[in-house]
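Structural characterization, general
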Amino acid sequence: MSKHKILVIGKRGGILQWYENLLAIQKPHSPYQIQGFALNHNNSQERFLKKILPNKDRYTANLLKKKIQQFQPDLILIADLFYFNDYLLQVFSEYSGKIAHWIGDFFDHRLLKSKDIIDLYCFTDSSFLDDAANLGLTQTTYLPLAYNPDIFFNETTEKNDRLLFVGAWSPDRQQLLEQIPLPMSIYGKGWDKLNKPNSTIYPQNISLEKVAELYRQHHYVLNVINKSNIRQGMNMRCFEAPACGCILVSEYVKDLEFAFDVQKEIICFTDPSELQRKLNETIINPLEAMNKVQQHHTYKNRLETIIDTLL
């Protein structure tokens, strides 16, 4: 039986590393053959040429067309939100296979430009399905984010009981963290603006590998929802932290209930002042959420869902 050929289209070097996480599904004995095409650049030559060429959009579209002709994928999976220019739309319209577009951000009517060429729109926030329906899109499904088990995994190491937060500073996040009556360890660019007693602050960006290492060293990982691009959806941290054997401590959003038993497997809160009581009184076995994400919430799981739907 021949392997399904999957072409992943995304952005190289993004903060979430969504593109790289999808490419990491490819393993020596994988039932898929996965290749990637990054719309920003695929190598240093492309990066240089896009700075000097008069029409980089046309150049990118020609490269994509050549990639599709050479690889001949059964499925194109576009990861993240893109409003496609006319050159890319033309390339996609000439492709005869299936196309899935996996979207993790708010969108508007510009998405309609691709409705005749996309076979399945996948949304990471279940409320986006209503937004899509209001635009007139029908070929939609809910598909939450996931985690990369090559980076996020558990180790039998002694864990710290301090509440850990890793993420970039924002005014909303600072306001919430100031209301949490607990000492914390906080990592991320911009947090030198925060003055929080008894807390340790490291105000710089860290690598994804370092994030995973910190998760493995802590019992409790705080998840703060970024309301600029999520309404009721889960971010990657919702899966990455449990995969490292942590207890996820998350602001409540409705979609958490699609993945977890929010009473027994994670700690949810709506008021940060109640966190100290919840951490003291809630008894959770982190292995339950860890086993669940390992079995159901990897990027391979998500790709299998799309393949089962379209191929």
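This text goes with the structure placed above it.
Residues numbered from 1 in each chain as written. Predicted model: local features only at pLDDT ≥ 70, side-chain atom pairs only at ≥ 80, totals over all residues. Heavy atoms only, no water.

**A closer look at the sheet that holds strand E5 (residues 120-123)**
- With respect to topology, six strands assemble into an open sheet ordered E2-E1-E3-E4-E5-E6, the strand pairing being parallel. Of all strands in the sheet, those bounded by a partner on one side alone are strand E2 (32-38) and strand E6 (140-142). Strand-to-strand, the axes of this sheet are offset by a mean angle of 20 degrees, without reference to chain direction.
- Lying on the sheet, helix H5 (residues 128-135) is in contact with E5 and E6; it crosses E6 at an angle near 170 degrees. (Pairing = 2+ DSSP bridges. Helix = DSSP H or I, 4+ residues; strand = E, 2+ residues; numbered from the N terminus. Axes fitted to C-alpha atoms, helices over the stretch in contact; angles between N-to-C directions. Contact = heavy atoms within 4.5 Å.)

**Some words on the nonpolar core**
- Phe-152, Tyr-215, Met-234, Leu-256 and Phe-260 are the most contacted members of the largest nonpolar core, which totals 32 residues.
- Listed by contribution, the elements that provide at least two residues to this core are strand E7 (160-166), helix H7 (208-216), helix H8 (237-243), helix H9 (256-259) and helix H11 (286-296).
- By residue number, the principal contributor to this core is H7, which donates five residues.
- Once you skip the residues sitting within four places of it in the chain, Met-234 turns out to touch Thr-124, Tyr-142, Pro-144, Leu-145, Phe-239, Asp-255, Leu-256, Ala-259 and Phe-260.
- Ranked by size, the runner-up nonpolar core spans 29 residues in total, among them Ile-78, Ile-103, Ile-118 and Ala-132. (Core = buried A, V, L, I, M, F, W, Y, C linked by side-chain atoms within 4.5 Å. Buried < 20%, exposed > 50% of the residue type's maximum accessible area, 1.4 Å probe, protein only.)

**Digging into the sheet that holds strand E11 (residues 247-251)**
- Strand order in the open sheet formed by six strands is E9-E8-E7-E10-E11-E12, with parallel pairing between adjacent strands. At either end of the open sheet lies a strand with only one pairing partner, and these are strand E9 (200-202) and strand E12 (267-269). Going from strand to strand, the sheet's axes swing by 20 degrees on average, the running direction of each strand aside.
- One ladder, built from four bridges, connects E7 with strand E8 (residues 184-187); its direction is parallel. In the strand pairing of E8, Leu-164 is matched with Ser-185.
- Helix-sheet contacts for H7 involve E7, E8 and strand E10 (218-223), and the interaxial angle to E7 is about 155 degrees.

**Thoughts on the pattern of salt bridges**
- In the structure shown here, the tally under the stated rule is 12 salt bridges.
- Glu-213 is the partner of Lys-210 in a salt bridge, and the nearest nitrogen-oxygen pair spans 3.9 Å. Of this pair, Lys-210 and Glu-213 both sit in helix H7, three residues apart, which is roughly one turn of that helix.
- A salt bridge links Lys-300 to Glu-304; the shortest N-O distance between them is 2.8 Å. (Salt bridge = Lys/Arg side-chain N within 4 Å of Asp/Glu carboxyl O.)

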